[in-house]
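Breakdown of the fold
Chain residues, written in single-letter form:
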Amino acid sequence: MSAASCLLTEDQFLCSICLDVFTDPVSTPCGHNFCKTCITEHWNINVQCQCPYCKEVFNTRPELRVNTFISEMAAHSSEQQVSKPGEVPCEVCTGTKLKALKSCLVCLASYCETHLEPHLTMSGLKRHQLIDPVENLEGWICTKHDKLLELFCKTDQMCVCMFCTYSDHKTHDVVPLKEEYEVKKAELEKTEAEIQQMIQKRRLKIQEIKSSVELSKEGADREIADGIQVFTALKESVERSQAELIDTIKEKQRKTEKQAEGFIKELEQEISELKKRSAEVEQLSQSEDHLHLLQSFLSLNAGPPTKNRTDVSIRPPSYEGTVVRAVAQLEETLNDEITNLFEVELKRVQQYEVDVTLDPDTGHPELILSDDGKQVKHGDVKKNLPDNPERFDTCVNVLAKQSFSSGRFYYEVQVEEKTDWYLGVVRESINRKGQITLTPQNGHWTICLRNDNEYNACTYPAVRLSLKSQPQKVGVFVDYEEGLVSFYDVDAAALIYSFTGCSFTEKLYAYFSPGLNHGGKNSAPLIISPVNHTE
């Protein structure tokens with residue numbers, strides 16, 4: 001664009017009728033310019049052809065010619081973008097402010113493409129320093145020396161001018177502003193990349209959480225459906241037993257009523273006969289005919305005999321034991337249902353089987369561990385082992401090598417032929433020296449067998465467990481987040497005991513104590529067994 005064209009203001013590209021940039025600009029004979037559509041409609045409305053700008057009247061409608069110069073300039077002007085909120089506007093434009101393309105650090109002004117033309121063509125302005133458009137250009141001037149801030153003091157981390165390097169920042173590490181700009185820009189790009197990476201990680205975490213919630217919902221829905229099915233079956237069993245009980249009692253009552261009805265019918269029949277005989281006797285007794293009375297008396301004595309009813313009675317049926325027997329039958333049915341339920345539950349937790357092996361570095365010196373780390377029993381000889389911080393020195397305990405700090409896990413231990421044992425999980429920080437009290441408060445979640453028949457949950461005070469049979473294999477299940485530790489009799493598919501509402505904040509380790517040998521009575525080992533997944 002020529003230097004002359006940059007002297008035109010944007011007002012010169014606006015139609016005085018529609019007040020917008022020219023569309024198909026045309027000129028009138030008086031030299032004024034309008035949009036072709038605007039001036040045509042103006043003259044169509046008004047009878048007199050008159051210039052809307054200077055009011056010159058034309059006797060005949062003049063022929064309109066396209067103003068090619070204005071048309072090109074208007075087209076070029078319309079291509080430039082109008083300044084939007086947040087963008088730097090051109091400071092020369094009047095009326096509609098166009099978007100600035102550059103800012104001049106010498107003129108301290110920002111220019112659109114049109115008004116930037118002199119800085120690109122005039123030799124005196126070409127030496128001015130142009131930058132990408134910025135606001136507050138006054139901030140680029142040193143307030144102390146009134147000079148351009150073109151340097152950066154790395155020592156004081158501030159922008160300075162050339163004169164600052166001869167005074168306050170004389171011995172400081174000073175670099176060109178652009179150089180530090182590139183450094184800081186690279187740091188910002190790195191920071192931005194790190195932030196985007198953090199955002200991505202959090203988005204992935206959100207997706208993971210949503211997936212977990214969805215899985216939890218599916219599990220909850222499945223558990224609710226299973227629960228409804230189980231309790232519906234139990235409810236139906238109770239209702240069926242109740243109906244059978246009522247039917248049994250009602251049947252006894254029906255038999256009693258039927259027997260009573262039979263007796264009553266016979267008695268009523270005899271009463272009818274007796275009334276008839278009574279009437280005959282009464283009539284005969286009133287007869288004055290001696291012969292007739294004597295002859296009739298003989299036939300009267302030969303009347304129909306009656307039964308002796310003194311022993312006839314209706315004894316109410318005995319209902320004692322009916323409800324008890326019905327409840328006992330119901331209990332048996334419910335036990336079968338509960339056993340089936342526990343079998344399903346056991347199969348479910350067995351899916352979380354983990355491989356557990358014993359850690360010899362934690363075992364008491366009198367314990368004998370198998371080479372594969374799957375068996376432990378108490379020996380009579382105390383081995384000479386290093387007394388490391390992890391080793392139990394008084395109680396005959398040993399921990400597993402594996403630790404768990406999240407999720408669910410399950411393992412099984414054979415306890416067959418033992419008279420004493422302790423099993424469960426413990427937190428990493430438990431005391432391992434001296435006498436130990438097994439309680440959840442001290443970081444132990446365990447159950448035990450003592451004296452061959454006494455089962456306890458190790459709490460304070462201990463909870464005595466009533467078991468229908470002695471477990472030969474014990475399953476241990478832990479849900480870390482749920483705070484749950486459950487023990488199962490594997491062969492009976494029965495729940496032994498559960499610790500609920502536990503708060504786990506440390507690593508958990510499987511815990512084993514085979515108990516003392518007791519002269520060979522308790523010599524059988526505890527054996528970590530593989531899970532037998534049955535269909």
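Relevant structure appears above.
Residues numbered from 1 in each chain as written. Predicted model: local features only at pLDDT ≥ 70, side-chain atom pairs only at ≥ 80, totals over all residues. Heavy atoms only, no water.

1. A few points about the overall build of the protein chain
So the rule is basically this: Runs of E in the DSSP output that reach at least two residues are strands. Runs of H or I that reach at least four are helices, and both are numbered from the N terminus. Values of the radius of gyration come from C-alpha atoms, whereas the globule rule sets the reference at 2.2 Å times the count of residues to the power 0.38. Relative accessibility under 20% of the residue-type maximum defines a buried residue, over 50% an exposed one, and the middle range a partly exposed one, all with a 1.4 Å probe and only protein chains included. Contacts are assigned to residue pairs with any non-hydrogen atoms lying within 4.5 Å of each other. The Shrake-Rupley method, run with a 1.4 Å probe sphere, supplies the accessible areas, and residue values consider only the shown protein chains as cover. We treat Lys and Arg as the positive residues and Asp and Glu as the negative residues; His and chain ends play no part in the count. Here the site of a charge means atom NZ of a Lys, CZ of an Arg, CG of an Asp or CD of a Glu.
Within the protein chain one finds seven helices and 24 strands. Over its C-alpha trace the protein chain gives a radius of gyration of 54 Å, far above what one expects of a compact globule, namely 24 Å for 535 residues. Taking the principal axes of its C-alpha atoms as reference, the protein chain extends roughly 170 × 105 × 40 Å. The burial tally for the protein chain puts 33% of its 535 residues in the buried class. Counting only contacts in the protein chain whose residues sit at least 6 apart along the sequence, the fraction spanning at least 24 positions is 56%. Accessible surface for the protein chain amounts to roughly 34000 Å². Of this, 53% is attributable to carbon and sulfur atoms. Taken together, the 59 basic and 82 acidic charged side chains of the protein chain have centroids lying 1 Å from each other.

2. Observations regarding the environment of Ile-430
Counting through the fold element by element, Ile-430 comes out in the loop between strand 16 (421-427) and strand 17 (444-450). Owing to a relative accessible area of 7%, Ile-430 belongs among the buried residues under this scheme. In sequence terms Ile-430 and Glu-390 are 40 residues apart; their C-alpha atoms lie 9.6 Å from each other. The residues touching Ile-430, leaving out its near neighbours within four places in the chain, are Phe-392, Asn-442, Gly-443 and His-444.

3. What to know about the state of the cysteines
This is how it is decided: Note on disulfides: each one is a pair of cysteine sulfur atoms within 2.5 Å.
Taken as a whole and judged by the stated rule, the model has zero disulfides. Its sulfur unpaired, Cys-395 is 12 Å from the next cysteine sulfur, which belongs to Cys-458. Cysteine Cys-448 is unpaired, with the sulfur of Cys-458 as its nearest cysteine sulfur at 3.9 Å.

4. Focus on the nonpolar core
How we decide: We call a set of buried Ala, Val, Leu, Ile, Met, Phe, Trp, Tyr and Cys residues a nonpolar core when their side-chain atoms join them within 4.5 Å.
Grouped together as the largest cluster of nonpolar side chains are 36 residues, with contacts concentrated most on Tyr-411, Trp-421 and Phe-512. Once residues within four sequence positions are removed from consideration, Trp-421 is found in contact with Val-415, Ile-447, Cys-448, Leu-449, Tyr-455, Val-474, Ser-513, Pro-514 and Leu-526.

5. Overview of the packing of aromatic side chains
Rule in force here: What counts as a ring pair is set by centres within 6.5 Å for rings of Phe, Tyr and Trp (its six-membered ring), and what kind of pair is set by the plane angle: stacked under 30 degrees, edge-to-face over 60, tilted for all other angles.
Scanning the entire structure with this criterion turns up nine aromatic pairs. Aromatic side chains Tyr-411 and Phe-512 sit 6.0 Å apart centroid to centroid with 50° between the ring planes, which places their arrangement in the tilted category. Placement of the pair is Tyr-411 in strand 15 (residues 408-414) and Phe-512 in strand 23 (residues 508-513), with a sequence separation of 101 residues. Note on Tyr-411: relative accessible area 2%, which makes it buried. Taken together, a centroid distance of 5.0 Å and an interplanar angle of 80° make the contact between Tyr-497 and Phe-499 edge-to-face. Each member of the aromatic cluster is reached from another via a ring pair, and the members are Trp-445, Tyr-480 and Phe-504.

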